[in-house]
Amino acid sequence: MLRAAANSRPLLWLVLALPGFWIAWRWIATPDLYGYGHAIGESGDWAVWLLMATLAVTPLRLMFRKQAWVIWLMRRRRDIGVASFAYALGHTIIYLVRKGSPDLVLAELSTPYVLVGWIALALFLPLAITSNDASVRWLKRSWKRLHRLVYPAAILTFLHWVWSAFDPTTAWVHVGILAAVEIVRIALQRRQRVT
């Protein structure tokens, strides 16, 4: 029973969607208390946390190769990545609803944090669209090359966060964690090539 639950994709998607339901419910139920600032902030937080979880899978796989939980993460990495994109898209939709006018959106496009946010979303879009078995089979080796776009997209995402935050301390802490994850990944991949 537990194994079936752990391997259930619909259950995983329900779990991944729960923060989104919570954000939407709080915004609808208590708009004065919760409001736009919380909704856009928390949707962005979840997009980043799930992105970091996705990027952490490779170094974890290199460190703990045959552990069952790492194999489970490897099999679910695309789901987690698509969930990250879904929260980023929700974050963008919240922003667009708040602005309410294409003219206001275009006027802010020259603002650095808004511009890098849009570029990051554009880079994530083809990754989300091709995060399925049919695309892996169709693109073959090109799939892996395409999905390396996650690295520049992640950098732009964190720039967006640092530049847009009232207090960027939390964003910088996450940048440090991401940098540590990537340093570990690169070091482990280099060591693997040498041995």
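What you are looking at is a predicted structure, and each value in this text was computed from that prediction instead of being measured.

**Points about the nonpolar core**
Most often, soluble globular proteins keep nonpolar side chains buried together rather than apart.
Moving on, step 1. Membership of the largest hydrophobic core comes to 30 residues, with the highest contact counts inside it found for Leu50, Leu51, Leu55, Phe124, Val150 and Phe158.
Moving on, step 2. Elements with a minimum of two residues in this core: helix H2 (9–29), helix H3 (35–63), helix H4 (68–99), helix H6 (112–129), helix H9 (150–164) and helix H10 (169–194).
Moving on, step 3. Counting eight residues, the second-largest nonpolar core is a separate cluster that includes Ile23, Tyr34, Ile40 and Ile94.

**A closer look at the environment of Phe64**
Moving on, step 1. Summarising the element assignment, Phe64 is placed in the loop between H3 and H4.
Moving on, step 2. Setting aside residues no more than four positions away along its own chain, Phe64 makes contact with Trp69 and Val70.

**Re the side chain of Ser131**
Moving on, step 1. Tracing the sequence through the fold places Ser131 in the loop between H6 and helix H7 (133–139).
Moving on, step 2. A polar side-chain atom of Ser131 sits 2.6 Å from the main-chain carbonyl oxygen of Leu127.
Moving on, step 3. With residues up to four places along the chain from it excluded, the contact list for Ser131 reads Arg78, Val82 and His147.

**A few points about a nonpolar patch on the surface**
Moving on, step 1. On the surface, Leu11, Leu14, Val15, Leu18 and Phe21 cluster together into a nonpolar patch covering about 460 Å² of accessible area.
Moving on, step 2. For Leu18, the location among the structural elements is in helix H2.

**Re the environment of Ala86**
Moving on, step 1. With respect to the helices, strands and loops of the structure, Ala86 is situated in helix H4.
Moving on, step 2. According to the relative accessible area criterion, Ala86 is partly exposed, its value standing at 40%.
Moving on, step 3. Placed 43 residues apart in sequence, Ala86 and Ser43 show a C-alpha to C-alpha distance of 9.3 Å.

**Side note on the pattern of salt bridges**
Moving on, step 1. Enumeration according to the criterion identifies five salt bridges in this entry.
Moving on, step 2. For Asp133, the salt bridge is made with Arg78, and the minimal N-O distance between the two is 2.8 Å. Taken together, the residues Asp133 in helix H7 and Arg78 in helix H4 connect sequence positions 55 residues apart.
Moving on, step 3. For Arg185, the salt bridge goes to Glu182, with nearest N and O atoms at 2.7 Å. Remark: Glu182 and Arg185 occur in helix H10; sequence separation between them is three residues, near one turn of the helix.

**Side note on a positive patch on the surface**
Moving on, step 1. Judged by side-chain charge, Arg141, Lys144, Arg145, Arg148, Arg190 and Arg193 come together as a positively charged surface patch.
Moving on, step 2. Those elements giving two or more residues to the positive patch turn out to be helix H8 (141–146) and H10.

**Quick look at the confidence of the model for the protein chain**
Moving on, step 1. Mean pLDDT over the protein chain works out to 91, with 97% of the residues at or above the 70 mark.
Moving on, step 2. Per-element confidence in the protein chain is highest for H6, whose mean pLDDT is 95, and lowest for helix H1 (residues 2–6), whose mean pLDDT is 68.

**A word on the packing of aromatic side chains**
Moving on, step 1. Counted according to the given criterion, the structure contains five aromatic pairs.
Moving on, step 2. Measuring from centroid to centroid gives 5.6 Å for Trp22 and Trp25, while their planes differ by 20 degrees, and the two rings are stacked. Remark: Trp25 and Trp22 occur in helix H2; sequence separation between them is three residues, near one turn of the helix.
Moving on, step 3. For Trp25, a relative accessible area of 53% translates into the label exposed.
Moving on, step 4. Residues Phe158 and Trp161 carry aromatic rings whose centres are separated by 6.2 Å and whose planes lie at 45 degrees to one another, so their mutual orientation is tilted.

**Considerations on the environment of Ile40**
Moving on, step 1. Relative to the helices and strands, Ile40 resides in helix H3.
Moving on, step 2. Classification of Ile40 by relative accessible area gives buried; the value is 13%.
Moving on, step 3. Expressed as a C-alpha distance, the spacing of Ile40 and Ala88, which sit 48 residues apart in the sequence, is 9.6 Å.
Moving on, step 4. In this view, Ile40 contacts His91, Ile94 and Tyr95; residues no more than four positions away in its chain are not counted.

Reading guide: rules and limits
- Residues numbered from 1 in each chain as written.
- Predicted model: local features only at pLDDT ≥ 70, side-chain atom pairs only at ≥ 80, totals over all residues.
- Heavy atoms only, no water.
- Core = buried A, V, L, I, M, F, W, Y, C linked by side-chain atoms within 4.5 Å.
- Buried < 20%, exposed > 50% of the residue type's maximum accessible area, 1.4 Å probe, protein only.
- Helix = DSSP H or I, 4+ residues; strand = E, 2+ residues; numbered from the N terminus.
- Contact = heavy atoms within 4.5 Å.
- Polar contact = N/O pair within 3.5 Å; in protein donor to acceptor, adjacent residues only side chain to side chain.
- Patch = residues over 30% accessible without salt bridge, like charges linked within 9 Å, V, L, I, M, F, W, Y side chains within 5 Å.
- Areas by Shrake-Rupley, 256 points an atom, 1.4 Å probe, with all protein chains shown as cover.
- Salt bridge = Lys/Arg side-chain N within 4 Å of Asp/Glu carboxyl O.
- Lys, Arg positive; Asp, Glu negative; His and termini not counted.
- Charge placed at Lys NZ, Arg CZ, Asp CG, Glu CD.
- pLDDT = per-residue confidence, 0-100.
- Phe/Tyr/Trp six-rings, centres within 6.5 Å; stacked < 30°, edge-to-face > 60°.

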